[in-house]
Amino acid sequence: MSTSARYDFDTVIDRRGTWCVQWDGVADRFGVDGLLPFTISDMDFATAPEVLTALRARLDHGVLGYTTWQQDDFRSAVAHWYATRYGTEVDTGRLVYGPSVLSQLSQLLQMWTAEGDGVVVHTPTYDGFRKAVTGLGRELRGVPLGDTEALERELARADAKVFVLCSPHNPTGRVWTEDELREMGALARRHGVAVISDEIHADFVHDGYRHVPWTRIGGDGRWAVITSGSKAFNFPALTGSYGFIGDPADRAEFLRRMETAEGLASPAVLSLTAHIAAYRDGAAWLDAARSYVAGNLTLIAERLNGAFPELAWQPPQAGYLAWIDLRPLGVGAGAGTDGGAGGDGGGGVDDEALQRVLIEREKVAIMPGAVYGAPGFLRLNAGCPRSKVVAGVEALVRGVGGVR
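Everything numeric here is computed off the predicted structure, so don't read it as measured data.

Participant: Any chance you could explain the overall build of the protein chain here in plain terms?
Facilitator: A tally of regular secondary structure across the protein chain gives 14 helices and 11 strands. The C-alpha radius of gyration of the protein chain comes to 21 Å, within 12% of the 22 Å expected for a compact globule of 404 residues. Dimensions of the protein chain, computed from C-alpha atoms along their principal axes, come out at roughly 55 × 55 × 40 Å. For the protein chain, the residues scored as buried account for 53% of the 404 residues in total. Residue pairs in contact within the protein chain that sit at least 24 positions apart in sequence constitute 74% of those at least 6 positions apart. Of the roughly 16500 Å² of accessible surface on the protein chain, a fraction of 49% belongs to carbon and sulfur atoms. Here the protein chain contributes 39 positively and 50 negatively charged side chains, and the mean placements of these two sets differ by 1 Å.

Laid out in structure tokens, this is it:
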């Protein structure tokens with residue numbers, strides 16, 4: 001039996017009425033209930049059966065008291081995953097734990113920056129980064145994706161303290177090469193800027209590309225990796241993330257803040273259980289899910305490019321989020337975006353007009369690129385059964401055709 005045949009990704013699981021942000025919370029962002037959503041980055045698949053089996057066994061024990069992440073089952077599972085998935089040996093003495101990747105980001109920013117300091121990010125920018133940085137009173141400074149000269153200019157500013165790297169990149173799905181990462185690391189060290197590498201999408205890198213963990217890049221600079229198995233294995237509702245911090249004193253300070261100032265000495269036991277099971281026994285499911293999603297993304301490319309050849313859209317290198325540049329069709333034209341590839345479109349309709357058509361006529365919710373600082377783009381979540389992807393891309397084709 002093939003790996004893909006062992007798992008079912010086609011069956012539609014009804015998520016409505018489960019307090020689900022993507023389905024039940026669609027009106028909060030789009031103003032209308034009942035839309036078919038392709039929004040927040042979780043998947044419509046049940047997590048790996050191996051994870052569910054471990055969770056059931058833990059629940060059957062019946063006692064859900066205070067627990068600790070600082071134990072060998074968790075540490076060794078993480079080390080096993082990095083060794084087998086990335087061919088990388090990690091120092092588990094550098095491990096830290098937190099309730100979420102964004103919580104870890106916030107804590108590190110408070111450690112390494114002061115109000116008014118500059119925090120450098122690539123544009124387009126995951127909106128969670130923007131909220132975390134600006135919410136703490138720091139200044140978010142965007143650098144166009146792949147523009148090394150602009151990156152060095154921003155890192156060289158006297159008040160630039162942290163470079164937040166998204167690796168692989170959200171929302172574009174770009175996977176950084178080892179040479180690119182080493183160049184960014186050298187620039188950060190040259191200018192005394194700390195690096196926080198968010199690698200939560202790393203486990204979903206597609207065939208032909210390779211994720212290089214920052215643990216192999218950071219060296220003696222000030223750096224941290226923040227990540228979680230929750231994105232790839234689809235259990236974010238359990239809460240829980242982990243990471244690595246290079247400097248022992250920084251690591252000790254991070255743990256002190258988490259355990260005292262934040263009162264988070266005890267992690268969620270089900271999250272630990274899920275991580276251990278995923279990293280020990282879930283690789284086959286993840287490979288099957290990644291292959292299935294790659295098929296979804298290929299379907300989107302074929303349908304979009306068949307309807308609009310000028311798009312020449314290519315699936316992302318990682319993840320299940322289709323980052324679609326509609327500027328060649330005149331959507332968002334003249335908005336002055338640096339969101340990625342594509343032409344300037346030269347006249348056309350604005351994003352709001354397209355969103356009105358998608359919401360009011362097509363009854364779908366697809367994230368507008370303006371959320372990430374890139375008008376003229378859309379981010380469509382393809383982590384779902386193929387039937388839903390077909391419905392979504394057909395609605396998008398009709399919607400775009402209706403506003404051109």
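Participant: Before we go on, may I ask you to explain helix 3 (residues 49-61) in this structure?
Facilitator: Owing to its 3.6 residues per turn, the α-helix aligns residues three or four sequence positions apart on the same side. For helix 3, with 13 residues, the first-to-last C-alpha span of 19 Å sits near the 18 Å given by 1.5 Å per residue. Once helix 3 ends, the next one or two residues include G62, with phi positive near 90°.

Participant: Could you clarify how one ought to interpret the nonpolar core in this entry?
Facilitator: In summary, soluble globular proteins display a tendency toward joint burial of nonpolar side chains. Counting 110 residues, the largest nonpolar core has F233 and I300 as its most contacted members. Take this core: its biggest share by element is 10 residues, from helix 12 (residues 283-307). Contacts of F233, omitting those with residues within four sequence positions, involve T47, A48, W81, A278, Y279, G282, W285 and L286. Grouped together as the second largest cluster of nonpolar side chains are 11 residues, F30, V371, Y372 and F377 included.

Participant: When you look at the side chain of D198 in this model, what are you seeing that I'm missing?
Facilitator: With respect to the secondary-structure elements, D198 resides in strand 6 (residues 194-198). Buried and without a salt bridge, D198 has K231 as its closest oppositely charged side chain, separated by 8.1 Å. At 3.1 Å, the side chain of D198 and the backbone nitrogen of I200 are in polar contact. Apart from the residues lying within four places of it in its own chain, the contact partners of D198 are V101, F129, L165, C166, S167, P168 and I226.

Participant: Whenever I open this one, the sheet that holds strand 10 (residues 364-368) confuses me. Can you help?
Facilitator: What links the strands of a sheet is backbone hydrogen bonding, and the strands pair in either a parallel or an antiparallel sense. Taken in spatial order, the four strands line up as 1-10-11-9 in an open sheet, and their pairing is mixed. Each of the sheet's edge strands pairs with one partner strand only, and the pair in question is strand 1 (36-38) and strand 9 (321-325). The mean inter-strand angle of the sheet, taken between neighbouring strand axes irrespective of direction, is 35°. Against the sheet, helix 14 (residues 386-403) makes contact with strand 1, strand 9, strand 10 and strand 11 (377-381), and its axis sits at roughly 90° relative to strand 1, the strand it touches most.

Participant: What is the right way to read the packing of helix 7 (residues 148-156) against helix 8 (residues 178-190) from this model?
Facilitator: Two quantities define a packed helix pair, namely the angle between the helix axes and the distance between the axes. Two numbers describe how helix 7 lies on helix 8: the axes approach to 9 Å, and their chain directions differ by 25°. The angle between helix 7 and helix 8 falls in the class roughly parallel. In the crossing of helix 7 with helix 8, the sense of the turn from one axis to the other is right-handed. Contacts between helix 7 and helix 8 involve T148, L151, E152 and L155 from the first element and E183, M184, L187, A188 and R190 from the second.

Participant: Looking at this model, I keep getting lost on unusual backbone geometry. Mind explaining?
Facilitator: Generally, phi is negative for residues other than glycine and the peptide bonds are trans, each holding for most cases. P168 follows S167 through a cis peptide bond whose omega is -5°. By the secondary structure assignment, P168 is in the loop between strand 5 (160-166) and helix 8. In this chain, N170 is followed by P171 through a cis amide linkage whose omega measures 20°. One can find P171 in the loop between strand 5 and helix 8. Backbone geometry at N234 places phi at a positive 60°, although glycine is not the residue there. Residue position: N234 is located in the loop between helix 9 (230-233) and strand 8 (241-245).

What counts as what
Residues numbered from 1 in each chain as written. Predicted model: local features only at pLDDT ≥ 70, side-chain atom pairs only at ≥ 80, totals over all residues. Heavy atoms only, no water. Helix = DSSP H or I, 4+ residues; strand = E, 2+ residues; numbered from the N terminus. Rg over C-alpha atoms; globule rule 2.2 N^0.38 Å. Buried < 20%, exposed > 50% of the residue type's maximum accessible area, 1.4 Å probe, protein only. Contact = heavy atoms within 4.5 Å. Areas by Shrake-Rupley, 256 points an atom, 1.4 Å probe, with all protein chains shown as cover. Lys, Arg positive; Asp, Glu negative; His and termini not counted. Charge placed at Lys NZ, Arg CZ, Asp CG, Glu CD. Expected span 1.5 Å × (residues − 1). Core = buried A, V, L, I, M, F, W, Y, C linked by side-chain atoms within 4.5 Å. Salt bridge = Lys/Arg side-chain N within 4 Å of Asp/Glu carboxyl O. Polar contact = N/O pair within 3.5 Å; in protein donor to acceptor, adjacent residues only side chain to side chain. Pairing = 2+ DSSP bridges. Axes fitted to C-alpha atoms, helices over the stretch in contact; angles between N-to-C directions. Parallel < 35°, antiparallel > 145°, perpendicular 65-115°, else oblique. Left-handed = near helix turned anticlockwise from the far one by under 90°.

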